[in-house]
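Each chain, written out:
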Amino acid sequence: MIENVHKLLAEAKAFEISNAEQLEAFRLNFIAKNGQVTALFKEFRNVPADQKKEFGAELNKLKQFAEDRFKATKEALEDAVDENQGGVDLTLPTIPNALGGRHPLTVVREQISDIFARIGFNISEGPEIEDDWHNFTALNFPENHPAREMQDTFFIEKNPDITLRTHTSSVQVRVMENEKPPIRTLSPGRVFRNEAISARAHCIFHQVEGLYIDKNVSFADLKQTLYYFVKELFGEQVKLRFRPSFFPFTEPSAEIDISCLLCKGDGCNVCKKTGWVEIGGAGMVDPNVLKNCGIDPEEYSGFAFGMGIERITMLKYQIKDLRLFTENDVRFLRQFKTIG
Ligand code: PHE
């Protein structure tokens, strides 16, 4: 009698299970209600009384073994199926998630804002769609000034009084109209000019203009402020020069040049062999402009300056083509992720 139990245990141990069908065969044989183990349980009552205890114990062992083996093998087979069918292995490292970075123009705009914030300049913003008054007339542009003509400015056909702003000086007009001096403000923003797109020009670009109005502001203040700015942004070694120029809204006016960062002033293609590159314009605010904006030129004076953010970024990071800023090529943009 007991030999039957031992025989069946040996069989259960030796039974080959390497796929789902064999597992099912094992179940039918050793676990199912009409399987061999259940059959042995039925024989229990025929076992002589003095052997019942041992028989029962051995039979329970067999039952336990069959159930354990079934369960363990079933799990192992299921795991194997998961892996073969591309199941998720939670122990693998994750696919890296690309983190974005700020655009180089944003980075430089913030650097410029920070430098001026340290000497008390706040930030002012205004509309990109402007009227003639804020973009031109208040700024002392004569009726026939070429900047008003179609080749430079985007006008709205239905209403020639409306234009896409050509500079952020329009924001300075709005600040002067609405605030009382002292005024120290920086106006960064997008501007529009009717230009063909090339390596050096675009019909949409960015400017940052500055305005300082108070009692007794002089050209010396303008120069010193820009010296401070240029050294902070480009480094101590950079030289600055002012070239006499003309703007309708400033008198006297100057172009701001810095020594070429590529050739260190020796002369190269970027500076057209002059050793100098222009970064913007500046001057003392014309008394007419102050009057137009409701500020008494007898009491107050001020200076203004304006620079192209693209130009400054190109010089600072030696970028040769302006179009790179708008092409959205991540190979270009990625290089600026860690600056600023
Ligand atoms: N608004 C001028 C431009 O866009 C720049 C400028 C600003 C010049 C302030 C002088 C003073 O060209």
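Above this text is the structure in question.
Quantities reported herein were computed from a predicted structural model and do not represent experimental measurements.

Engineer: Sorry, what's going on with the site of the ligand here?
Structural biologist: In the region of the ligand, 13 residues are neighbours, and His167, Ser169, Arg193, Gln207 and Glu209 sit closest. Note that a nitrogen atom of the ligand is positioned 3.0 Å from one of the side-chain N or O atoms of His167. Within the side chain of Ser169, one N or O atom sits 3.0 Å away from a nitrogen atom of the ligand. The protein chains hide 90% of the 330 Å² of surface that the ligand would expose on its own. Going through the elements one at a time, β6 (204–214), β9 (276–285) and β10 (301–308) are the ones with two or more residues in the shell around the ligand. Of the residues forming the shell around the ligand, the biggest block, 3 residues, is contributed by β10. For the shell around the ligand, a count of residues per class yields 5 nonpolar, 6 polar and 2 charged.

Engineer: Explain the packing of aromatic side chains to me, please; I cannot follow it from the model alone.
Structural biologist: Working definition: an aromatic ring pair is given by the centre-to-centre distance plus the angle between the planes. All chains considered together, the criterion is met by 18 aromatic pairs. Ring centres of Tyr212 and Phe303 lie 5.3 Å apart, and the angle between their planes is 80°; this geometry places the pair in the edge-to-face category. Remark: Phe303 occurs in strand β10 and Tyr212 occurs in strand β6; sequence separation between them is 91 residues. Under the relative-accessibility criterion, Tyr212 is labelled buried at 18%. Given a relative accessible area of 0%, Phe303 falls into the buried group. Between Phe332 and Phe336, the ring centres sit 5.1 Å apart and the planes meet at 65°, which makes this aromatic pair edge-to-face. Assigned by exposure class, Phe332 and Phe336 land together as buried. It is Lys52 that lies over the ring of Phe44; its NZ or CZ is 5.2 Å from the centre.

Engineer: It is not clear to me how helix α5 (residues 104–117) should be interpreted in this structure. Could you clarify?
Structural biologist: Helical geometry note: an α-helix holds 3.6 residues per turn, so side chains three or four residues apart project in the same direction. Given a rise of 1.5 Å per residue, 14 residues ought to cover 20 Å, and the 20 Å separating the end C-alpha atoms of α5 matches this to within 8%. Along α5, the residues classified as buried are Pro104, Leu105, Val107, Val108, Gln111, Ile112, Ser113, Ile115 and Phe116.

Engineer: Could you clarify how one ought to interpret the state of the cysteines in this entry?
Structural biologist: Such a bond, covalent and formed between the sulfur atoms of two cysteines, is termed a disulfide. Applying the stated criterion across every chain yields a total of 0 disulfides. Summary of cysteine pairing: Cys268 is not part of a disulfide, and the nearest cysteine sulfur, belonging to Cys263, is at 3.7 Å. The thiol sulfur of Cys271 is not disulfide-bonded, and the nearest other cysteine sulfur, from Cys263, lies at 3.6 Å.

Engineer: Mind showing me how you'd approach the sheet that holds strand β3 (residues 155–156) here?
Structural biologist: The strands making up a sheet associate through hydrogen bonds between their backbones, and the pairing can be parallel or antiparallel. On the basis of which strands lie adjacent, the open sheet formed by 3 strands has the order β2-β4-β3 and antiparallel pairing. Lying at the two open borders of the sheet, with one neighbouring strand each, are β2 (129–131) and β3. Direction of pairing for β2 relative to strand β4 (residues 159–164): antiparallel, over a ladder of 3 bridges. Paired with Asp131 across the strands is Ile162, a residue of β4.

About the cut-offs
- Residues numbered from 1 in each chain as written.
- Predicted model: local features only at pLDDT ≥ 70, side-chain atom pairs only at ≥ 80, totals over all residues.
- Heavy atoms only, no water.
- Near = heavy atom within 4 Å.
- Polar contact = N/O pair within 3.5 Å; in protein donor to acceptor, adjacent residues only side chain to side chain.
- Areas by Shrake-Rupley, 256 points an atom, 1.4 Å probe, with all protein chains shown as cover.
- Helix = DSSP H or I, 4+ residues; strand = E, 2+ residues; numbered from the N terminus.
- Nonpolar A, V, L, I, M, F, W, Y, C, P; charged D, E, K, R; others polar.
- Phe/Tyr/Trp six-rings, centres within 6.5 Å; stacked < 30°, edge-to-face > 60°.
- Buried < 20%, exposed > 50% of the residue type's maximum accessible area, 1.4 Å probe, protein only.
- Lys NZ or Arg CZ within 6 Å of the ring centre and 35° of its normal.
- Expected span 1.5 Å × (residues − 1).
- Disulfide = S-S within 2.5 Å.
- Pairing = 2+ DSSP bridges.

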